[in-house]
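Architecture and fold: a report
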Amino acid sequence: MPIHVLSREVASAIAAGEVIERPSSVVRELIENALDARARRIEVRLVGAGQTLIEVADDGAGIASAELPLAVARYATSKLESTQDLFAVRTLGFRGEALASIGAVSRMEIVSRRAEESSGASLRVEGSEAGRRTRRGAPVGTVVSVRDLFFNTPARRNFLKAETTERRRILELVGRYAIAYPAVGFVVLSDGRTALETTGRGDGREALAAVFDLATARSLIEVVASAESPVSVSGFVSPPDIHRASRRDLTFFVNGRWVLDAALSAAVLRAYHGLLMVGRFPLGFLRVDLDPAEIDVNVHPSKAEVRFRRPDVVVATAQRAVRGTLLAQAPAPEADLPGVWAWASLERVPTLHAAPSWERSPSLPLDADRLPRPSGEVPLLRAVGQVGTTYLVAEGPDGLYLIDQHAAHERILFEKLSDARASATLQTQALLDLEPVQLSRAEAAQLTTLAAAMARIGLEVEPFGGDSVRVRAMPALLADLDPAQAVHTALGDFEEDEAPLEGEVEARLTARVCKRAAIRAGQILSLAEQEGLLRQLEACRSPRTCPHGRPTMIHISVQALERQFGRRG
Ligand code: ADP
Ligand code: MG
């Protein structure tokens, strides 16, 4: 075929394909237009998950009737004038292609009226063919209805997912915008039923409740922007005990626009380091606001990504803001002491006892000469004794601490091993007695993907015919762990995450083997061993939870004790 210029029809279908990929892209463009027009209320009506009808009505500024034909023309916008403006975009739209693109792949009608005009006007576009503008009575604002999406591009239509999936995407999208713009009331009617509604009263938590459930909305922790930083990060994040199986519920709005940004997600995950169960993800909603000249929004036609001029600053600010919020708001859980009578009537009153010093536990590394440095995350604690051979009782300046010896040791081993790996000072111990370890089919399959990561945490194995392996080396820190057990533990079922971040697999493996290697409940510890455990826990960066997110300690304040004993009202 000789080279020829594509017809207008084909060219506009190609261009439209970049902007409008699925029903939710239509909704996104129309909502962003309404927000740019300063709407206070936005109503989305769907029939058949948007493939039959998407209608977005707003009470914004409206389009002058004389400008209606321009609004649907490609590269026609009221939001941008010069190339210069392109580098400091303050509106959500700026490319002037959304309406043209939607009109190219659907039967679209716009009805709009500005406040100063006595009546509105309407215009239809069908597969890029614009009809004639007609006068029409209408309230101030704009209604865009989009029927039969992709009627003329069957390939695109066939790529759509099931209706429930497309509907969920739309609801997720509108929900996110509703949270980002709490002063705007959003409604989604899907096949006549209200699927989402926010009041627009300006209360962020109220919008969160409308999108998630009330309990989740209440428990999210607010991230407050610091005034000094040129990059403002604010919003809501989940406390460590609320988490999800994927990072899909981490949402970022940059200068009012929903964007996907792997670096920002990674920053937030780092902020949860040590607080969250390995393999689980926080839920969060963060607004990043900065000088528009600091970002390039013109990266992709769908505007779902932005480029930061100084990404390191943005990422560091986000991480610091979230980490600071979490540490300030998530202290050791205060024990919820039962009433005095209930307390007294408890059948098994625990007895405190310090274990006799001859009952030394072999697996607890105790190095009293070289005391680790406290991190300051918990106060210095004095060992008092052990309860039920499972919990340590300790005294701090602000009351009593009960410490789960297994969870605490898990945390200590996890940080030591992770730190050793991070600083490339991980010591391994070569094994001399190379007993083969027989793997199950599933374990052998896991090994092919995990062997390299296992070696990076010091657990080196080599094939030994069939489905068996030999363990060549173990991390020196876990020298007491039985090698076969270590391998079986490492190769247990993994909940697959589509694309684990760098180091995530290693972190999960580390958490697993450390859990296995940690001292157990039921193991008697001498007072010296208890002190040793406390010193090492004090040195941890995140001493309050185990790597799997469970608390390592419960704090009973002096005030709570005084209340219980009736010393203070
Ligand atoms: P862009 O938003 O990038 O400018 P669009 O194709 O989405 O491009 O819209 C073209 C123009 O139509 C906008 O610049 C704006 O002036 C006008 N417009 C579109 N939707 C609305 C609306 N809901 N309210 C007011 N004006 C609108
Ligand atoms: Mg637009």
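Refer to the structure printed above.
**Side note on the state of the cysteines**
- A complete count under the given rule lists zero disulfides for this structure.
- The cysteine C540 is free of any disulfide, with C514 supplying the nearest cysteine sulfur at 11 Å.
- Here C546 is not cross-linked by a disulfide; its sulfur's nearest cysteine counterpart is in C514, at 11 Å.
- On the accessibility criterion, C546 (0% relative accessible area) is buried.

**Section: the packing of aromatic side chains**
- Counted by the stated rule, this structure contains three aromatic pairs.
- Their ring planes at 80° and their centres at 4.9 Å tell us that Y177 and F253 sit as a pair that is edge-to-face. Linking Y177 in helix 6 (residues 163-180) with F253 in strand 12 (residues 250-254), this pair joins segments that are 76 residues apart in sequence. Each member of the pair Y177 and F253 is classed as buried.
- Pairwise contacts between aromatic rings join Y177, Y181, F253 and F285 into one cluster.

**Points about the site of ligand 1**
- Neighbouring ligand 1 are 19 residues, the closest being N33, T77, S78, K79 and G96.
- Measuring from a nitrogen atom of ligand 1, one finds a side-chain N or O atom of T142 at 3.3 Å.
- Listed by contribution, the elements that provide at least two residues to the shell around ligand 1 are helix 2 (23-36) and helix 4 (98-104).
- Class assignment for the residues of the shell around ligand 1 results in eight nonpolar, seven polar and four charged.

**Quick word on the sheet that holds strand 12**
- Here five strands make up an open sheet; going across it, the order is 10-11-14-12-13 and the pairing mixed. The open sheet has two free edges, formed respectively by strand 10 (221-223) and strand 13 (257-259), since each of these has just one partner strand. Along the sheet, successive strands turn relative to each other by an average axial angle of 20°, direction set aside.
- Bridge count for strand 10 against strand 11 (residues 232-237) is three bridges, and the pairing is antiparallel. Each residue of the ladder has a partner; that of V223, found in strand 11, is G235.

**Here's the deal with the environment of A11**
- Of note, A11 is situated in helix 1 (residues 8-19).
- On a C-alpha basis, the gap between A11 and L173 in space is 28 Å, while along the polypeptide they are 162 residues apart.

**Some thoughts on the pattern of salt bridges**
- In this structure the tally under the stated criterion is 33 salt bridges.
- Note that E55 is salt-bridged to R45, the shortest N-O span being 3.3 Å. Of this pair, E55 sits in strand 2 (residues 53-58) while R45 sits in strand 1 (residues 41-47); the two residues are ten residues apart in sequence, bridging distant segments of the chain.
- The salt bridge involving R382 is made with E395; its shortest N-O contact spans 2.8 Å.

Calculation criteria
Residues numbered from 1 in each chain as written. Chains lettered and ligands numbered in written order. Predicted model: local features only at pLDDT ≥ 70, side-chain atom pairs only at ≥ 80, totals over all residues. Heavy atoms only, no water. Disulfide = S-S within 2.5 Å. Buried < 20%, exposed > 50% of the residue type's maximum accessible area, 1.4 Å probe, protein only. Phe/Tyr/Trp six-rings, centres within 6.5 Å; stacked < 30°, edge-to-face > 60°. Helix = DSSP H or I, 4+ residues; strand = E, 2+ residues; numbered from the N terminus. Near = heavy atom within 4 Å. Polar contact = N/O pair within 3.5 Å; in protein donor to acceptor, adjacent residues only side chain to side chain. Nonpolar A, V, L, I, M, F, W, Y, C, P; charged D, E, K, R; others polar. Pairing = 2+ DSSP bridges. Axes fitted to C-alpha atoms, helices over the stretch in contact; angles between N-to-C directions. Salt bridge = Lys/Arg side-chain N within 4 Å of Asp/Glu carboxyl O.

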